[in-house]
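Listed below, chain by chain, are the residues.
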Amino acid sequence: MDDGYIQFNVKKVRVVTTALHNSEERKVMRVRGTYGNGFPLEKMEGRNVVIVGGGFAFTTLRSLTKFILHEANRDRFKDLTVIYGARNPGELIYKYDLEAWGKRNDINLNVTIDRAVPGWTGLVGFVPALVKEVAPTSDNAIAIICGPPIMIRFTMPIINELGFSPKDVFLSLEMRMKCGIGKCGRCNIGNKFVCKDGPVFAYKELEMMPKEY
Ligand code: FES
């Protein structure tokens, strides 16, 4: 949700997303939703916020970052650290936001790509390594993480090492979804439905669920 409109980020992969990319301006589409929960904004207020994301998962984290940076909200949160990685510069999304945020002094922005490519002058390396290097404080802090399973698997031990309590770490999960309303069983982890009970779960809650994410 942006000021006055909703923006979608669609990666062209197969039939549906290709059709979306090929559709003409002003084509009318029906959208169902919204479903599930959101980020725990009340828990984040008055605290340092660390946002970690990889790949196209950054779409939701970008919305959260924009919300925190909005002039109406910025005072409600303390230090903001954003760590974001993509495979290559071409896969970094919302570059205009990254550029604008890079000029602000109220956000610690760290953007990396997996491997060096000609012309890239920024950081190189995987997200977990960058989290370790940036080492954001866990003091009065809350961490929000969203990305591919492999990124989450390697980032969580570092988040633990940094001293974040499982109740202060929230993961927004990416699962394949179909119905979006807890009926088809496509997205469940144990007895939880990512579409309905999530997609945002406290790590404390996930620790008690099967490691299927
Ligand atoms: S998408 Fe159908 S149960 Fe979650």
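Keep in mind that this is a model prediction, so the values were computed, not measured. (Residues numbered from 1 in each chain as written. Predicted model: local features only at pLDDT ≥ 70, side-chain atom pairs only at ≥ 80, totals over all residues. Heavy atoms only, no water.)

1. Quick word on the overall build of the protein chain
The following threshold applies: Numbering goes from the N terminus for both helices and strands, where a helix is a DSSP run of H or I of at least four residues and a strand is a run of E of at least two. Note that the radius of gyration is over C-alpha atoms, with the globule rule given as 2.2 Å times the number of residues to the power 0.38. For each residue, the accessible area found with a 1.4 Å probe, counting protein chains only, is set against the maximum for its type, and the residue is called buried under 20%, exposed over 50%, and partly exposed in between. Contacts between residues were defined by any pair of non-hydrogen atoms, one from each residue, lying within 4.5 Å. Here the open area of atoms and residues is found with the Shrake-Rupley method and a 1.4 Å probe, where only the protein chains shown may cover a residue. All tallies of charge rest on Lys and Arg as positive and Asp and Glu as negative; His and the ends of each chain are not included. A charge is said to be at NZ when it belongs to Lys, at CZ for Arg, at CG for Asp and at CD for Glu.
Summing up its helical and strand segments, the protein chain has 7 helices and 9 strands in all. What you see for the protein chain is a C-alpha radius of gyration of 17 Å, in line with the 17 Å of a compact globule of 213 residues. Dimensions along the principal axes, computed over C-alpha positions, put the protein chain at roughly 45 × 45 × 35 Å. For the protein chain, the residues scored as buried account for 40% of the 213 residues in total. In the protein chain, the share of contacts with a sequence separation of at least 24, taken over all contacts with a separation of at least 6, comes to 66%. Taken as a whole, the protein chain presents about 12600 Å² of accessible surface, with 52% of it coming from carbon and sulfur. Here the protein chain carries 30 positive and 23 negative side-chain charges, and the mean point of each set is 8 Å from the other.

2. Focus: unusual backbone geometry
Following Gly33, the chain continues to Thr34 via a peptide bond in cis, the omega torsion being 5 degrees. Within the secondary structure, Thr34 is located in the loop between helix 1 (15-22) and helix 2 (41-44). Here Gly198 and Pro199 are connected by a cis peptide whose omega angle stands at 15 degrees. Even without being glycine, Ala135 reaches a positive phi, approximately 45 degrees. Positionally, Ala135 belongs in the loop between helix 5 (127-134) and strand 5 (141-146).

3. Here's the deal with a nonpolar patch on the surface
To keep it simple, the criterion reads: In this analysis, a patch consists of residues with relative accessible area above 30% that form no salt bridge, clustered at 9 Å for like charges and at 5 Å for the nonpolar side chains Val, Leu, Ile, Met, Phe, Trp and Tyr. For this document, the term salt bridge refers to a Lys or Arg side-chain nitrogen within 4 Å of an Asp or Glu carboxyl oxygen.
A cluster of nonpolar side chains, contributed by Ile6, Phe8, Val10, Val15, Val16, Leu20, Met29 and Val31, occupies part of the molecular surface with about 790 Å² of accessible area. Mapped onto the elements, Ile6 comes out in the segment before helix 1. Given a relative accessible area of 54%, Ile6 falls into the exposed group.

4. Section: the pattern of salt bridges
Scanning all chains against the criterion turns up 8 salt bridges. Overlapping salt bridges, with partners in common, bring together Arg47, Lys167 and Asp168 in one network.

5. What to know about the environment of Tyr96
Let me state the cut-off plainly: Contacts described as polar in this section are N or O atom pairs within 3.5 Å, which, within protein, must combine one atom able to donate a hydrogen with one able to accept it, while residues neighboring in sequence count only if both atoms come from side chains.
You can see Tyr96 is positioned in helix 4 (residues 95-102). Spatially, the C-alpha atoms of Tyr96 and Val117 are 20 Å apart, while their sequence positions differ by 21 residues. When neighbours within four sequence positions are excluded, Tyr96 is seen to be in contact with Gln7 and Arg62. Side chain to side chain, Tyr96 and Gln7 meet in a polar contact 3.3 Å long.

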